[in-house]
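# Chains, contacts and geometry: an overview
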Amino acid sequence: MVALFFLFLVTLLTSSTSSISDTNSFIFGGCSRLKYSPGSAYETSVNSVLTSLVDSASFTTYNKFTGTAASETVYGLFQCRGDLNNDQCSSCVARAVSQLGTLCFATYGGALQLEGCFVKYDNVSFFGVEDKTEVIKKCGPSIGLTSDAFTRRDGVLAYLQSSDGNNKNFMTNSVGDFRGVAQCTGDLSTSKCQDCVSEAIQRLKSECGASTWGDMYLAKCYVRYSEGGDHSRGSNDDENHNDDEIEKTLAILIGLIAGVALIIVFLSFLNKVCDKQRGGK
Ligand SMILES: *[C@@H]1O[C@H](CO)[C@@H](O)[C@H](O)[C@H]1NC(C)=O
């Protein structure tokens, strides 16, 4: 019985570790400094907005909500990556909202970006407001970009920046083995989205230089490019990688603890049997 439980536990952990899809990887999170008091009207507003976001994510890739309880207003929105289906989007937003609840416990505002979705709430309206603040940047190894590869990379980025690619708030493009993606939050107008994407591309070019891949996350849009199909990242300062490692280590650790517990149970059982036999003599 105990052995069965142990096996079940390990299976559960390994399967949950291996099913951590790309879309759930943590990219960044941030919270406002001021805190509200738990149980306040503001908390009611926050909860109603976050619940609406999660509900809505099962049928659309973007939505925004305003919640007001006792004149305490909260604004919130989510944006899924444009290529996710409803299931992927809703599971991503649910995860982001739950992580926000932990990371930004009782703070007036918070924002969290996972690989597949972005969620933000605040007491100041930010709907439709362009914000080109650089939030996070990651650059791959800056080795081995031939001038030919440079041309392809710049070709990918140029398309994302062009009005051709800018009819929606989600754009992808590839030239040869280079792939690029640009995404704005759905509250931005086409021109604001285009402006935000241009800024991100400019910074990618100047800050990631000749890197084989680069991610540039601004407050309302991001642009990423990579060479060779997958976004193969270096092993250093890679949060997603670390995240996965931590979860794997945790799974192994819990497995070990369960194993030790099992041995202890078994030994005490043996002990009892021996005691009984000794007592019988
Ligand atoms: C947001 O909340 C903070 C903290 O209570 C407050 O100082 C600020 O005035 C609020 N802003 C708005 C627009 O309500």
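A brief structural summary. (Residues numbered from 1 in each chain as written. Predicted model: local features only at pLDDT ≥ 70, side-chain atom pairs only at ≥ 80, totals over all residues. Heavy atoms only, no water.)

Secondary structure summary: the protein chain contains six helices and 10 strands in total. When each of the 281 residues of the protein chain is scored for burial, the buried share is 40%. When the accessible surface of the protein chain is totalled, it reaches about 14,600 Å², and 57% of it is carbon and sulfur. (Helix = DSSP H or I, 4+ residues; strand = E, 2+ residues; numbered from the N terminus. Buried < 20%, exposed > 50% of the residue type's maximum accessible area, 1.4 Å probe, protein only. Areas by Shrake-Rupley, 256 points an atom, 1.4 Å probe, with all protein chains shown as cover.)

Our next topic: the sheet that holds strand E8 (residues 178–184). The strands that make up a sheet pair up through hydrogen bonds in the backbone, lying either parallel or antiparallel. A sheet is described by the order of its strands in space; here five strands give the open sequence E6-E9-E10-E8-E7, paired in antiparallel fashion. At either margin of the open sheet sits one strand with a lone partner, and together these are strand E6 (134–139) and strand E7 (170–175). The mean angle between the axes of side-by-side strands here comes to 5°, regardless of whether they run parallel or antiparallel. Bridge count between E7 and E8: six bridges; the pairing is antiparallel. (Pairing = 2+ DSSP bridges. Axes fitted to C-alpha atoms, helices over the stretch in contact; angles between N-to-C directions.)

Evaluation of the coordinates by the stated rule reveals 12 salt bridges. Arginine 81 serves as the salt-bridge partner of glutamate 115, at 3.9 Å between the closest nitrogen and oxygen. With glutamate 115 in the loop between strand E4 (110–114) and strand E5 (117–122) and arginine 81 in the loop between strand E3 (72–80) and helix H3 (86–103), this residue pair connects regions lying 34 residues apart in the sequence. Arginine 81 carries the same exposure label as glutamate 115, and that label is buried. The residue arginine 203 makes a salt bridge to glutamate 134 at a minimum N-O spacing of 3.3 Å. With arginine 203 in helix H5 (residues 190–207) and glutamate 134 in strand E6, this residue pair connects regions lying 69 residues apart in the sequence. Three or more residues are tied together by salt bridges with common partners; here these are Arg81, Asp83, Glu115, Asp215 and Arg224. (Salt bridge = Lys/Arg side-chain N within 4 Å of Asp/Glu carboxyl O.)

To continue, consider empty space enclosed by the protein. On inspection of all chains with the given rule, the structure shows one cavity of 30 Å³ or more. Taken as a whole, the largest cavity encloses approximately 120 Å³ of empty space. Lining the largest cavity are 17 residues, and of these Gln113, Phe118, Gln183, Thr185 and Tyr222 sit closest to its centre. When contributions to the lining of the largest cavity are tallied by element, the ones reaching two or more residues are E3, E5, E8, strand E9 (213–218) and strand E10 (221–227). The residues that make up the lining of the largest cavity include at least three from each of domain 1 (8–127) and domain 2 (134–232). (1 Å grid on protein atoms, 1.4 Å probe; cavity = no way out; pocket = protein on both sides within 12 Å on 5 of 7 lines; lining within 4 Å. Points joined across faces, edges and corners; volume = space filled by probe spheres on them. Domains from an automatic or database assignment.)

This part is about the site of the ligand. Near the ligand you find Leu34, Tyr108 and Asn123, and these make up its full shell. The side chain of tyrosine 108 places a nitrogen or oxygen atom 3.4 Å from an oxygen atom of the ligand. When the free accessible area of the ligand is taken as 360 Å², the share hidden by the protein chains comes to 41%. (Near = heavy atom within 4 Å. Polar contact = N/O pair within 3.5 Å; in protein donor to acceptor, adjacent residues only side chain to side chain.)

Scanning the model with the defined rule gives nine aromatic pairs in all. With a centroid separation of 6.1 Å and an interplanar angle of 90°, the aromatic rings of tyrosine 36 and tyrosine 108 are classed as edge-to-face. Highlighted residues: tyrosine 36 in the loop between strand E1 (26–31) and helix H2 (41–56) and tyrosine 108 in the loop between H3 and E4, separated in sequence by 72 residues. With a relative accessible area of 9%, tyrosine 36 lands in the buried category. Residue tyrosine 108 is classed as partly exposed on the basis of its relative accessible area of 22%. Ring geometry for tyrosine 217 versus tyrosine 222: centroids 4.7 Å apart, planes at 40°, classification tilted. One exposure class covers both tyrosine 217 and tyrosine 222, and it is buried. (Phe/Tyr/Trp six-rings, centres within 6.5 Å; stacked < 30°, edge-to-face > 60°.)

Once that is clear, we can look at the pairing of E5. Summarising burial for E5: five of the six residues are buried, a large majority. Alignment of E3 against E5, held across six bridges, turns out to be antiparallel. Counted as the bridge partner of leucine 77 is lysine 120 from E5. The turn joining E4 and E5, which pair antiparallel and follow one another in sequence, is formed by two residues.

Keep in mind that these numbers describe shape and distance, not what the molecule does.
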